[in-house]
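Listed below are the residues making up each chain.
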Amino acid sequence: MSISSFYGLQTSLRGLLAQQRALDTTGHNIANASTQGYSRQEAVLAAAPALAIPQGAVQGGAGAHIGSGVDVQAYRRVRDTFLDLQFRAQATRLGEQAARAEGLDRAELALAEPSENGINKQLSEFWGAWSDLAADASDSAARTSLVEKAGSLAQAFATVDSQFALVAEQAADEYASLTAPGGEVEQIANEIVALNGTIKRFVTAGDAPNDLMDQRDLLLDKLASLGSTSIVSNLDGTVDVTFGGAGDPPMIDAAGYQAPALSNPGGRLGALRDLAGPSGIDSYRAELSAVAKTMADSVNGILTAAGAPPFFTYTDAPPAATVAATLSVAVTAATVRPGTSTEPAANDLALQIGELRGGGADSSYNAYVARVGSRVREARRQEANAEALTNAVQDRRESVAGVSLDEEMGNLIRFQRAYQASSRAMSTMDEMLDVLINRTGRVGL
Amino acid sequence: MSTRITTGMTQRNILADLNRVSERLTRTQEKVASNREITRPSDDPFNASRALALRTSMEGTQQYQRNIQDAQSWQETAEVALSDITGAVALVQELAVRGASDTNDPAARLAIADEVDELIERIKQNANVTHRGRHVFSGTATDTPPYAETPDPYVPAADAYNGSTAAIARQIGPGVPLDIGVLGSDFLGGGPAAADGKLLHVLREVSQHLRADDGAALRADIPRLEANLDTVLGVRSQNGARQNRLEAALGRLAQVEESTLKQLSNTEDVDIAKALIDFSSQQAAYQAALRAGASIVQVSLMDFLR
């Protein structure tokens, strides 16, 4: 069996077309070098099915397979799904730590320590006012000053408390807006559902919609930073997503989107829910109220033991911490009692209260400040930790899926040269046929 | 598999490095500008809380110093009055010795008695001395003069002590109250009406005996006067001892304040030399990172293909 004279032309044409596709893919990679979530693609080239000649192809009459050039087998998306899994787990942690650090940071700012406006300074001035009153117990200026200082101390407690309440409220608001119908979680989920549908149509037709899959992976990354996300890939190219709790029913499956149960959200949502919950900022408020109560009770205790009217009033209604918010001065400059007796210079009570400086109220407040500071420090440390881990996984992922321009330039030259060589092969073939068709058998003409 | 370094990775890492270095730079700059090692409790929770405690104790020390200074001027006021009272008593003693001599006729004794009465008024005025409008010798009843003005004609009740018998205390150190008041009743007494043998009672009797031309009684009064002068001197020396104690406490508190201030500065103030060195080395690191980043990003295979 003989082989067609034009066989080689077809082989070269295949080469030309395949190298052109490879060049196109390289161009696509270069164009998307800085596209977020893009995975590099490659045209998988493979030898085209050979022309099988059953017999008589070679000397001795045996058959042979004659190569017929190259074909593009697939356009492959270079990506490691295991790294995606790792990245999303880290992104969930990072989202949680970042939101926690942010909230605690704001709470720490509300304390305004160390500064001239902090509670520590106000307390110190309050004790100082009692000592000044002890030095001149009947002086109306000293009395007025004491009541003023006490008022600004109570005000400082209330301000810090309301700032804390604001931080908790903001966390609760953000949580609500993220999870509400039409919120970010639902938006992302709906986009994923839409992409699932499109991808399924292509995959069942045997196609691989690489760029759509990249888009979906990017959305899943975003979702993972909001809350714990677990993903099951189906054969038809779609993904089922369980969000915000391992045992919850899936948020996205074949039926589309269902609102997530959020039993244990993790991620940013988890941190926000914790901050707004009883173990979050509310525990700060409770501790602040405990400090305020210690302070008020120590002053009132000394006064009431001597039969004098209490200095501070507050509402203590557990479980909510209300002392810091409701602390107020119950006496006026005229009714302050610096001494057990009502004689003008009687100052034994003022002396005793002045001695409270540096006592229980101060030390419990200082310890409280240290606790708040440590928690912020710890949260920041964990955030930095999670960030480092996330960056490491991100680097590994980039290493596999990212576009390297140098590499693409190399490929560009490789495929260009192959294209040039294929066309040279084709023109050689052409020349050969030219000789055969136009010059052969013209002897004597 | 060797790591592929992709363009995005390089850019991201350069940016992350630059951010890290410039964050450190900003932090150091903040330290230098504020001169504070600790600007927020989370910078160093333990030392932040320590700094708060030190600040409280320093303000306490300053308060004690103010208390002492106030007590000192209070005591000085008392001392001036007591010293004048001592002088007046000594004069009365002299007059009594002169009057006791029987060479005096009744008219001369009457003249001496007038002089004694004047001195008694001087003593009572001194006893009513005030410090910033507060009566020094009336115990805790500082708004009441300890002795009323002597009416004309004289009644014994006019010499009654009107103050309180409760002492006034000042806090001069943590847990150290000091009585600073001198009670008028302790050395001046309540006059003839109280018949307590104290200064005013004896003085009034001296005046009475002079007017009564009773030489023998006058001679008996002299040792009683002397005993009362001793009492006044005793009160003065007690006052002086208190002033010494205040002086010593003030010196000690100044030392405590200085050492607390030093500790506070060690805890929360920035070591400027160290911070500046940190600053310049971080600045150098930042510039190096910028330069390295710029040259890495610029170079690509395209520069060499032609």
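Residues numbered from 1 in each chain as written. Chains lettered and ligands numbered in written order. Predicted model: local features only at pLDDT ≥ 70, side-chain atom pairs only at ≥ 80, totals over all residues. Heavy atoms only, no water.

Enquirer: Run through the side chain of Asn196 of chain A, naming residues and quoting values.
Expert: Residues and elements named next belong to chain A. Positionally, Asn196 belongs in helix 5 (residues 184-204). With relative accessibility at 6%, the residue Asn196 sits in the buried group. A polar side-chain atom of Asn196 sits 2.8 Å from a polar atom in the side chain of Arg216. Within polar-contact distance, the side chain of Asn196 engages the backbone oxygen of Val239 at 3.0 Å. (Helix = DSSP H or I, 4+ residues; strand = E, 2+ residues; numbered from the N terminus. Buried < 20%, exposed > 50% of the residue type's maximum accessible area, 1.4 Å probe, protein only. Polar contact = N/O pair within 3.5 Å; in protein donor to acceptor, adjacent residues only side chain to side chain.)

Enquirer: How would you explain the packing of aromatic side chains if you had to name every residue and give the values?
Expert: Residues and elements named next belong to chain A. Tallied over the entire structure, the rule returns 10 aromatic pairs over all chains. For the ring pair Phe126 and Phe312, a centre distance of 5.5 Å and an interplane angle of 50° mean the geometry is tilted. Highlighted residues: Phe126 in helix 3 (residues 119-135) and Phe312 in strand 9 (residues 312-313), separated in sequence by 186 residues. As far as the burial class goes, Phe126 and Phe312 line up, both buried. Aromatic side chains Phe164 and Tyr284 sit 5.6 Å apart centroid to centroid with 65° between the ring planes, which places their arrangement in the edge-to-face category. (Phe/Tyr/Trp six-rings, centres within 6.5 Å; stacked < 30°, edge-to-face > 60°.)

Enquirer: Break down the interface of chain A and chain B for me, with residues and values.
Expert: With 52 residues of chain A at the contact, the number on the chain B side is 50 residues. Among the residues chain A hides against chain B, the three largest losses belong to Pro114, Glu355 and Ser399 of chain A. Together they make up 13% of the total. Applying the counting criterion to the chain A and chain B interface returns nine salt bridges. Put simply, Glu407 of chain A and Arg4 of chain B hold a salt bridge, and the shortest N to O gap is 2.3 Å. Of all the secondary-structure elements, those providing two or more residues to the side of chain A that touches chain B are helix 2 (81-111), helix 3, helix 11 (360-401) and helix 12 (405-439) of chain A. Looking at which element gives the most residues to the side of chain A that touches chain B, the answer is helix 11 of chain A, with 17 residues. (Contact = heavy atoms within 4.5 Å. Buried area = accessible area lost by both parts, 1.4 Å probe. Salt bridge = Lys/Arg side-chain N within 4 Å of Asp/Glu carboxyl O.)

Enquirer: Help me get a handle on the domain arrangement of chain A, residues and values and all.
Expert: Residues and elements named next belong to chain A. Here chain A is partitioned into domain 1 (7-78 + 402-439), domain 2 (90-172 + 288-393) and domain 3 (182-258). On a C-alpha basis, the centroid separation for the pair domain 1 and domain 3 is 36 Å. The interface is formed by nine residues belonging to domain 1 together with six residues belonging to domain 3. Taken together, the two surfaces of domain 1 and domain 3 that pack against each other cover about 620 Å², and 37% of this comes from carbon and sulfur. Scanning the region where domain 1 abuts domain 3 turns up two salt bridges. Here Arg77 and Asp214 are joined by a salt bridge, their closest N and O atoms 2.7 Å apart. In this structure, the connection of domain 1 to domain 3 is made through six residue pairs in polar contact (both at pLDDT 80 or more). A total of three residues in the side of domain 1 that touches domain 3 trace back to one element, the largest contributor, which is strand 4 (residues 70-77). Each residue belonging to the side of domain 1 that touches domain 3 can be placed in one class, and the counts come to two nonpolar, five polar and two charged. (Domains from an automatic or database assignment. Nonpolar A, V, L, I, M, F, W, Y, C, P; charged D, E, K, R; others polar.)

Enquirer: How would you summarise the nonpolar core if you had to cite specific residues and measurements?
Expert: Judged by nonpolar contacts, the single largest core of 80 residues is most densely connected at Phe126, Trp130, Met295, Val299 and Phe311 of chain A. Ranked by the residues each element gives to this core, the list is headed by helix 4 (residues 140-179) of chain A, at 15 residues. Setting aside its immediate chain neighbours within four residues, Phe311 of chain A contacts Phe126, Trp130, Leu146, Ala150, Val299, Asn300, Leu303, Ser328, Val329, Ala330, Val331 and Val336 of chain A. In this structure, Val136, Leu203, Leu210 and Leu250 of chain B belong to the second largest nonpolar core, which totals 50 residues. (Core = buried A, V, L, I, M, F, W, Y, C linked by side-chain atoms within 4.5 Å.)

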